[in-house]
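Topology and contacts: notes
Each chain, letter by letter, is given below.
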Amino acid sequence: MRFELPISVAKNRYVPGRWDVVAFVLVFAFFAYLGDSAHGLTGSLAHLEAQPISLDPRYLPGYAAQTALRMLVAMGASLVFTFTYATLAAKSKRAASVLIPLLDILQSVPILGFSITIVFFLSLTPGRVAGAEMAAIFLVFTSQAWNMAFSFYHSLRSIPDELDEAARAFHLGPWMRFWRLEVPFAMPALIWNMMMSMSGGWFFVVAAEAISVGNTTVTLPGVGSYIARAIQERSLTAIGWAILAMFIVILIYDQILFRPLTASADWFRLEQEAGLTPSSSWALTMMRRSRLLAFGRGMFGSMIELGFNRGRVHRPWASRAGGSAASTLLGDLAWYVPVAAVVALAVWRIAHFVLAHIPLAEVGHVIGLGSLTLLRVVVLIALASVVWVPIGVYIGIRPALARTAQPIAQFLAAFPVNLLFPIVVSGIVALKLNPNIWLSPLMILGTQWYILFNVIVGASSLSADLKYAGENLGVRGWLWWRRIALPAVFPFYVTGAITASGGSWNASIVAEVADWGSKHLTAAGLGEYIADATSAGDFPRTVLGIAVMSLFVVVVNRLFWRPLYARAERKFRIS
C-alpha cells in the first residue's frame, strides 16, 4: 500500500518559507562578497598604491565593507585562539605559569609593536595585496584576542563544583565537556567581551590599515585609512561621513551577529529568573526557522558528536596530577627549569641587542617615561572604575535596559580616539593647555568599556535568590553594595580591569601623540617614545620601548592585579 503525505505537510516540508528566502539572500550576499574580496587578493600592491584613498563619500560603503570583513576574519581567528590558548591555561597549572604572563605581555604590546610583522606578511606574497591583507587582519587580531582569552580563562576557572560533578556523572569526555559545559557556561561573558573586542578593533583600525614602518608604507582601502586621510587633510566633513559609516556597520553587526548571540546566551545563564521576558532577535528567529541554516547547524552538531566519549570520566588537571610528592617535584623541575632558562636567554638577547645600539642612560630615561605612563594608567583606571562600576551594576540587574544599552555601548567603545583629534588638539592649542595632562584622557577612551561590559555581565549573573533575600531583609544603600552587588561583580570587574589596564598601555601610542593637519602635540611618555621610534623605523628603540612597557605591565599585574584575581577566585567564586 502506498503512503502519501497530505498536501499541506508536503508543502511545509519542501517549499521554502520566508525565513529561508531571507537566509538565502544573506548567505548568498556574504559568499558573493567573499568571492569578490578573494579575487582582489591576487591584485598587485603597485596597482593598489596607484589608487590613493579618496574622501569622496561614494567610496565609503566599499571601504566600510572591506574593514568589516577584515574585522570578522580577525574575530574568527580570535575565537580559535581563545578556545585553545585559554583552555590550555585553565586546565594546566604548569602551562598557565607561562601562558598567563605571556598573555599579560601580549596585551600590553602596542599594535605598532606588531607592525614589524608587516614585512614578514608582505614577504609571503611578494608584490601582492594578500600579504598586506594578512598583515592588517593580524594587527586587528592583536586588538581583539587577548580580552576574549582572559574572559574565557576566568569563566573556566569559575565553573561551579556542582556542574563539574554533573559532567563527571554523565561521563563526559574532554571534548564533550568542552562543548556541553565549558563553552555554554562561558558564553554570556564571552559574547559581551566579543562585542568589546570588535569595538577594540575599530579603535585601532586606523593603525592597522594605514601604517608606516621605516620605508615600508601600507595603506589598504578601508574606514581606517579613510580616517587617516581625513585627519591628514583636516576634513571635518569626511570625519562625519566616517562616523556615519561606522555607526551603520556596528548596527549591522549588532542585528545580524551580536543580538542573536546575546539572545541565545540567555539559554546558558546559570540563574533563570522567573517572569523575565527573553531577549528577542529577528536574526535568531531566522536562524531557528530556516531549513538552510538548520542544515549547517546539523553539520556542526554532528562534528561535535564525533568527539563524544562516554567511556572515560574526565577529571580536572589537579586531580589527575596524582603520584608521590617526589615525582611531582621532579615534574615541576623538568618544566620550570627549561622555561626559566628560555626566559633568561630571551632577556639576555634583548638586553644585548638594545645596549649594542642605545646608551645605558637612555634606557634609564625610557624607564622614567614608563613611570609617567604608569601614573596616567593608574589614575585613569581608578576614575573609570568609580564611574562605570555603579553604572554597570545598574544596567546589569535590569535585562531590558541592558539590551537597550548594548548597541549604544558598542558604538561608544568603537569610537576611534583619532576622531576626537580636531576637538582635542584645537582646544589644547586655543586654551594653551598642558598636553601632558589633557591628552591623557584619550588613553582610557576605548579601554574603559572593558570595565563596563564585564561589570554588566557580572551584575546580570547575580543570583535571583540573593536579590530576593536582600529585598526581604531590607538590605539597602551602602550595605547592599557591600554585601550583594560588589561581591557579585568583583571577579568580573577584575577581569575587565586587567584588560583595561593592558589596553590603556596599548592605547598610549595613540593618545600620547595627536595630529591634526600640521598641528602635532605630544605628551611625554612611553607611548610617544614607541610611536616616534616606529615611525622612524628605529627598530632597537622600538624593541626597548616595547620591552619596558611589557615589564611595567607584568610587574603591575604580578604585584597587584593577580593577587586580586586570586582573591576573586577564592572568595567570590560561584559554587
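Just so we're clear, the structure is a prediction, and the values are computed from it rather than from any experiment. Per chain, residues are indexed from 1 in the order of the written sequence. Side-chain atom pairs in this predicted model are given and counted only at pLDDT of 80 or more, local residue features only at pLDDT of at least 70, and totals for whole chains, interfaces and linings cover all residues. In computing side-chain values, all of the structure's heavy atoms are included and hydrogens and water are not.

Things to note about the overall build of the protein
Worth spelling out the cut-off: For the purposes of this entry, the term helix denotes a DSSP run of H or I that reaches at least four residues, the term strand denotes a run of E that reaches at least two, and both are numbered from the N terminus. We call two residues in contact whenever any of their non-hydrogen atoms come within 4.5 Å of each other. Exposure was quantified through the Shrake-Rupley algorithm and a 1.4 Å probe, taking into account, for residues, occlusion by the shown protein chains and nothing else.
When helices and strands are tallied, the protein shows 27 helices and four strands. Contacts spanning at least 24 positions in sequence make up 82% of the contacts within the protein whose residues lie at least 6 apart. Counting every atom, the protein has about 27,700 Å² of accessible surface; 69% of that belongs to carbon and sulfur.

A short note on the pattern of salt bridges
Condition: By salt bridge we mean one thing: a side-chain nitrogen of Lys or Arg within 4 Å of a carboxyl oxygen of Asp or Glu. Working definition: with a 1.4 Å probe on protein chains only, accessible area under 20% of the residue-type maximum means buried, over 50% means exposed, and in between means partly exposed.
What the rule picks out here adds up to 12 salt bridges. A salt bridge links aspartate 164 to arginine 168; the shortest N-O distance between them is 2.2 Å. Residue aspartate 164 and its partner arginine 168 are located together in helix α9 (residues 161-169), separated by four residues, close to a single helical turn. The partly exposed category is assigned to arginine 168, whose relative accessible area is 23%. With its nearest N and O atoms 3.0 Å apart, the salt bridge here joins arginine 376 to glutamate 512. Of this pair, arginine 376 sits in helix α18 (residues 360-396) while glutamate 512 sits in the loop between α25 (477-511) and β3 (513-516); the two residues are 136 residues apart in sequence, bridging distant segments of the chain. Just as arginine 376 is buried, glutamate 512 falls in that class too.

A few points about the packing of helix α4 (residues 60-91) against helix α5 (residues 93-108)
Selection rule: In this description, a line fitted to the C-alpha atoms serves as the axis of each element, helices being fitted only across the stretch in contact, and the angle between N-to-C directions of two axes falls anywhere from 0 to 180 degrees. Any angle between 65 and 115 degrees counts as roughly perpendicular, while under 35 counts as roughly parallel, over 145 as roughly antiparallel, and the rest as oblique.
It is at 6 Å that the axes of α4 and α5 come closest, and there the two elements cross at 130°. Comparing their axes, α5 and α4 come out oblique. Between α4 and α5, the contacting residues are Phe81, Tyr85, Leu88, Ala89 and Lys91 on the first element and Lys93, Ala95, Ala96, Leu99, Ile100, Leu102 and Leu103 on the second.

Some thoughts on the side chain of asparagine 147
As a reminder, the rule being used: Within 3.5 Å is the distance limit for a polar contact, defined as a pair of N or O atoms, with the added protein rule that one can donate a hydrogen and the other accept it, and that residues adjacent in sequence qualify only through two side-chain atoms.
Here asparagine 147 lies in helix α8 (residues 145-157). Residue class for asparagine 147 comes out buried when judged on its relative accessible area of 2%. At 3.2 Å, the side chain of asparagine 147 and the side chain of serine 197 are in polar contact. The residues contacting asparagine 147, other than those within four sequence positions of it, are Asn193, Met196, Ser197, Tyr450 and Thr499.

Looking at the side chain of glutamate 362
Looking at the element boundaries, glutamate 362 is found in helix α18. Separated by 2.8 Å, the side chains of glutamate 362 and arginine 541 make a polar contact.

Thoughts on the confidence of the model for the protein
The condition that has to hold: For every residue, the pLDDT score states the predictor's confidence, bounded by 0 at the bottom and 100 at the top.
Of the residues in the protein, 83% have a pLDDT of 70 or more, and the chain-wide mean is 79. Mean pLDDT per element in the protein: helix α16 (residues 317-320) is the minimum at 45, and α18 is the maximum at 92. Throughout residues 7-11 the model reports pLDDT below 50, and contacts reaching past four residues in sequence, or to other chains, amount to one contact. With pLDDT under 50 throughout, residues 316-322 is counted as low confidence; its partners more than four residues away or in other chains account for 10 contacts.

Looking at the packing of aromatic side chains
We apply this condition: Between the rings of Phe, Tyr and Trp (Trp by its six-membered ring), a pair exists once the centres lie within 6.5 Å; its type follows the angle of the planes, with under 30 degrees stacked, over 60 edge-to-face, and the other angles tilted.
All told, the structure shown has 21 aromatic pairs when counted by the stated rule. For the pair tyrosine 253 and phenylalanine 258, a centre-to-centre distance of 6.4 Å together with 40° between the ring planes defines the contact as tilted. Taken individually, tyrosine 253 and phenylalanine 258 each receive the classification buried, so the pair is uniform in this respect. Centre to centre, the rings of tryptophan 480 and tryptophan 481 are 5.3 Å apart; their planes meet at 90°, and the pair counts as edge-to-face. On the basis of relative accessibility, which here comes to 18%, the residue tryptophan 480 falls in the buried class.

Concerning helix α10 (residues 174-203)
Threshold: To estimate how far a helix should reach, multiply one less than its number of residues by 1.5 Å. To get the bend at a given residue, fit one axis to the seven residues ending there, fit another to the seven starting there, and take the angle between those axes.
Here α10 spans only 37 Å end to end across 30 residues, well under the 44 Å set by a 1.5 Å rise per residue. Helix geometry: α10 is bent most strongly at methionine 187, by close to 55°, with proline proline 188 lying one to four residues after it. Across the 30 residues that make up α10, a large majority, 27, are buried.

Some remarks on the packing of α18 against helix α26 (residues 526-535)
Remark: α18 packs on α26, axes separated minimally by 7 Å, with the N-to-C direction vectors making an angle of 125°. Here α18 lies oblique to α26, going by the angle between them. Residues Glu362, Val366, Leu369, Gly370 and Thr373 of α18 form the contact with α26, whose own contacting residues are Leu526, Gly527 and Tyr529.

Description of a nonpolar patch on the surface
Selection rule: Patch members must show over 30% relative accessible area and no salt bridge, and they are joined within 9 Å when carrying like charges or within 5 Å when they are nonpolar side chains of Val, Leu, Ile, Met, Phe, Trp or Tyr.
On the surface, Val22, Leu26, Trp241, Leu244, Phe247, Ile248, Leu251, Ile252, Ile256 and Trp282 cluster together into a nonpolar patch covering about 840 Å² of accessible area. Counting residues per element, the nonpolar patch draws most heavily on helix α13 (residues 236-265), which supplies seven residues. Along the chain, valine 22 turns up in helix α2 (residues 18-40). Owing to a relative accessible area of 31%, valine 22 belongs among the partly exposed residues under this scheme.

Points about the environment of threonine 499
Considering the arrangement of structural elements, one finds threonine 499 in helix α25. Between the C-alpha atom of threonine 499 and that of tryptophan 449, which follows or precedes it by 50 residues, the distance is 10.0 Å. The residues contacting threonine 499, other than those within four sequence positions of it, are Gln107, Asn147, Phe150 and Tyr450.

What to know about unusual backbone geometry
One non-glycine residue, arginine 234, lies in positive phi territory at about 55°. We note that lysine 432 has phi near 55°; this positive angle belongs to a residue other than glycine. By the element assignment, lysine 432 lies in the loop between α20 (421-431) and α21 (435-438).

Regarding the environment of phenylalanine 30
As for its position among the elements, phenylalanine 30 is in helix α2. For phenylalanine 30, a relative accessible area of 35% puts it in the partly exposed group. Residues phenylalanine 30 and leucine 69, spaced 39 residues apart in sequence, show a C-alpha to C-alpha distance of 9.7 Å.

Considerations on the environment of alanine 384
Looking at the secondary structure, you find alanine 384 in helix α18. Residues within four places of alanine 384 in sequence aside, it is in contact with Val389, Ile444, Gln448 and Ile451.

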